[in-house]
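As a plain string of letters, each chain reads:
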Amino acid sequence: MAIRFKRPDGREASGYLAAGKDAKTPGIIVIQEWWGVQGQIKGVCDRLAHEGYRALAPDLYNGKAVPYHDPDAANEAMSALDFQQSVDQVVRGAALHLKAQGSKVGLTGFCLGGLVSALGAIRLPEISAAVAFYGLPDPKIGDPAALRIPLQGHFASKDDWCTPASVDAFERAAKGAGKSCEFFRYDAEHGFTNEERPSYNAAATKLAWERMMTFWRKHLG
């Protein structure tokens, strides 16, 4: 269902919430791809709710969803986003909303959302664990050595945006600083978990989902 929640600065943000009957179950924030809060992202929330979690996808684009056939518009929307402000206000607001019942909160996201998830793992004290899918921040805005919480990552071997080299560098820096960082690589393309896109890879998605759920059960309960 569509909801509105408070940001730390007092303004309102919107999002999609999928929740079971128990309001005290752990929460998971789900961050959109550069297309916005599309049906696929809502589907991830629904699936997490079926697994027993409350899942909230905050809308970083304030109601805008870009059609899949228009990557130029998606790139324009993403480029206009202030990532640090989005993390500190919208994503943190979502975390505070989910934590109102006193349960733990995780953070995950895809593409743009993977970047935001890793950045949240560095910046947000309300988050207990994070999972990033084929997206990581530039070390200039998100230092891997500053990770506060366990981070799991899922990345494609054929990716010219979140490149294998950048993934390797982030992982080395995080582990070199003694941080909890668990990265997996798949013989797949960027966006491999989105069943609405040509890059969808069912086998890689199944394995990544299983690994993620094991991670959530360990760190969120």
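Look above for the structure.
Residues numbered from 1 in each chain as written. Predicted model: local features only at pLDDT ≥ 70, side-chain atom pairs only at ≥ 80, totals over all residues. Heavy atoms only, no water.

## Looking at the layout of surface pockets
It is the rolling of a water-molecule-sized probe over the atoms that shows where space remains empty. Of the volumes computed, that of the largest pocket is approximately 300 Å³. Contributing to the lining of the largest pocket are 16 residues, with Trp 34, Trp 35, His 190, Gly 191 and Arg 197 lying nearest its centre. Here the lining of the largest pocket is built from residues that sort into 6 nonpolar, 4 polar and 6 charged. One number sums up the size of the second largest pocket: a volume of about 240 Å³. Forming the boundary of the second largest pocket are 14 residues, of which Leu 60, Asn 62, Leu 81, Gln 85 and Ser 86 lie nearest the centre. For the lining of the second largest pocket, the elements supplying multiple residues, two or more each, are β2 (12-18) and α3 (83-99). Counting residues per element, the lining of the second largest pocket draws most heavily on α3, which supplies 3 residues. Split by residue class, the lining of the second largest pocket holds 7 nonpolar, 3 polar and 4 charged. (1 Å grid on protein atoms, 1.4 Å probe; cavity = no way out; pocket = protein on both sides within 12 Å on 5 of 7 lines; lining within 4 Å. Points joined across faces, edges and corners; volume = space filled by probe spheres on them. Nonpolar A, V, L, I, M, F, W, Y, C, P; charged D, E, K, R; others polar. Helix = DSSP H or I, 4+ residues; strand = E, 2+ residues; numbered from the N terminus.)

## Description of the pairing of strand β1 (residues 2-6)
By the alternation rule, side chains of β1 split into Ile 3 and Phe 5, which are all buried, and Ala 2, Arg 4 and Lys 6, of which none is buried. Note: β1 against β2, 5 bridges, orientation antiparallel. Within the sheet, the bridge partner assigned to Lys 6 lies in β2 and is Glu 12. The turn linking β1 back onto β2 is made up of 5 residues, and Gly 10 within it adopts a positive phi angle of 95°. (Buried < 20%, exposed > 50% of the residue type's maximum accessible area, 1.4 Å probe, protein only. Pairing = 2+ DSSP bridges.)

## Considerations on the packing of helix α1 (residues 39-50) against helix α6 (residues 202-219)
Relative to each other, α1 and α6 sit at 50°, their axes nearing to 13 Å. Accordingly, the angle class assigned to the pair α1 and α6 is oblique. Viewed along their axes, α1 and α6 form a crossing whose handedness is right-handed. For the pair formed by α1 and α6, the contact residues are Val 44, Arg 47 and Leu 48 on the first element and Trp 209, Met 212, Met 213 and Trp 216 on the second. Partitioned by chemical class, the residues of the contact of α1 with α6 number 6 nonpolar, no polar and 1 charged. (Axes fitted to C-alpha atoms, helices over the stretch in contact; angles between N-to-C directions. Parallel < 35°, antiparallel > 145°, perpendicular 65-115°, else oblique. Left-handed = near helix turned anticlockwise from the far one by under 90°. Contact = heavy atoms within 4.5 Å.)

## Some remarks on the pattern of salt bridges
With the rule as written, the count across this model stands at 9 salt bridges. In this structure, Asp 88 engages Arg 123 in a salt bridge whose closest nitrogen and oxygen atoms are separated by 2.6 Å. Here Asp 88, found in helix α3, pairs with Arg 123, found in helix α4 (residues 112-123); they are 35 residues apart in sequence, far enough to count as distant. What makes Asp 88 partly exposed here is its relative accessible area of 23%. On the basis of relative accessibility, which here comes to 31%, the residue Arg 123 falls in the partly exposed class. The salt bridge involving Lys 206 is made with Glu 210; its shortest N-O contact spans 2.6 Å. (Salt bridge = Lys/Arg side-chain N within 4 Å of Asp/Glu carboxyl O.)

## Topic: the side chain of Asp 159
Its place among the elements puts Asp 159 in the loop between β7 (151-158) and α5 (164-176). Arg 185 is the oppositely charged side chain nearest to the buried, salt-bridge-free Asp 159, at an N-O distance of 11 Å. At 2.8 Å, the side chain of Asp 159 forms a polar contact with the backbone nitrogen of Trp 161. Sequence-distant contacts of Asp 159, defined by excluding residues within four places in its chain, comprise Tyr 134, Pro 164 and His 190. (Lys, Arg positive; Asp, Glu negative; His and termini not counted. Polar contact = N/O pair within 3.5 Å; in protein donor to acceptor, adjacent residues only side chain to side chain.)

## As for the nonpolar core
Ranked by internal contacts, the top residues of the largest apolar core, which has 81 residues, are Ile 29, Val 30, Leu 48, Leu 60, Leu 112 and Trp 216. Setting aside residues no more than four positions away along its own chain, Ile 29 makes contact with Leu 56, Pro 58, Val 91, Ala 94, Ala 95, Leu 98, Val 105, Gly 106, Leu 107, Thr 108 and Ile 127. (Core = buried A, V, L, I, M, F, W, Y, C linked by side-chain atoms within 4.5 Å.)

## Focus on unusual backbone geometry
For Cys 111, which is not glycine, the phi dihedral falls at a positive 60°. Exposure remark for Cys 111: the relative accessible area of 5% places this residue in the buried category. Of note in this structure, Tyr 134 is not a glycine but carries a positive phi near 35°. By the element assignment, Tyr 134 lies in the loop between β6 (129-133) and β7. Taking relative accessible area as the criterion, Tyr 134 reaches 0% and is therefore assigned buried.

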